[in-house]
Amino acid sequence: MKRWVRILLIVMAVLLLGGGSYVYYIWNKPHRDVTQEKGIDISAQQLYDEFKANEAAANKKYLNKAVQLNGEVGDVSVNQDSSVVVNFKTNDPIFVINCTFKTSPGVLKAGDHIVFKGICTGYIPDNDVVINEGVLVK
């Protein structure tokens, strides 16, 4: 066998092994547990105001970080994955803070004041701020 073919096969084997190892690592990576993290304590209205005023600055401050929100529940629903979703009220009747629970929080209803901790996944302009993987703090 020619030398360049042997080198090419070795390089391909190394790349395949490296790629497979990376996929295995990502697939078996432990999930993030927000209950063990210290959340940035903020009210739902303050969080919404910061994203509405300056999305780029708010993304630097909150994106992919644990956030502990307190505020009034606007409504409660269940999404397509059977997860409970709570929308926190803001001063703007159209816009909300959309929070999806990781586990069932029990009975919640509109008007309840709760403290929720989850991971901020961003702002949908002209819509709402999204927080996922949440748990009920109190």
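Everything discussed here concerns the structure shown above.
Residues numbered from 1 in each chain as written. Predicted model: local features only at pLDDT ≥ 70, side-chain atom pairs only at ≥ 80, totals over all residues. Heavy atoms only, no water.

Trainee: Please set out the overall build of the protein chain residue by residue, giving values where relevant.
Mentor: Of regular secondary structure, the protein chain possesses three helices and six strands. Going residue by residue from the N terminus, the α and β elements of the protein chain occur as α-β-α-α-β-β-β-β-β. The C-alpha radius of gyration computed for the protein chain amounts to 21 Å, which surpasses the reference 14 Å derived for 138 residues by more than 25%, pointing to a less compact arrangement than a globule. With respect to the three principal axes, the spread of C-alpha positions in the protein chain is 75 × 35 × 30 Å. Here the protein chain holds 138 residues, and the buried ones make up 36% of them. The contacts of the protein chain with a sequence gap of at least 6 include a subset with a gap of at least 24, amounting to 56%. (Helix = DSSP H or I, 4+ residues; strand = E, 2+ residues; numbered from the N terminus. Rg over C-alpha atoms; globule rule 2.2 N^0.38 Å. Buried < 20%, exposed > 50% of the residue type's maximum accessible area, 1.4 Å probe, protein only. Contact = heavy atoms within 4.5 Å.)

Trainee: Explain the packing of aromatic side chains to me, and be specific about the residues and the numbers.
Mentor: Scanning the model with the defined rule gives five aromatic pairs in all. Taking 6.2 Å as the distance between ring centres and 35° as the angle between the ring planes, the aromatic pair formed by Phe51 and Tyr62 counts as tilted. Residue Phe51 is found in helix H2 (residues 44-53), and its partner Tyr62 is found in helix H3 (residues 55-62); the two are separated by 11 residues along the sequence. Accessibility assignment for this pair places Phe51 and Tyr62 in one class, buried. (Phe/Tyr/Trp six-rings, centres within 6.5 Å; stacked < 30°, edge-to-face > 60°.)

Trainee: Lay out H2 with the relevant residues and their values.
Mentor: Along an α-helix, residues three or four positions apart point the same way, because every turn accommodates 3.6 residues. Taken residue by residue, H2 has Ala44, Gln45, Leu47, Tyr48 and Phe51 as its buried positions. On an axial view of H2, the arc spanned by its buried residues comes to 160°, and they lie on one face. (Arc of directions from axis to C-beta.)

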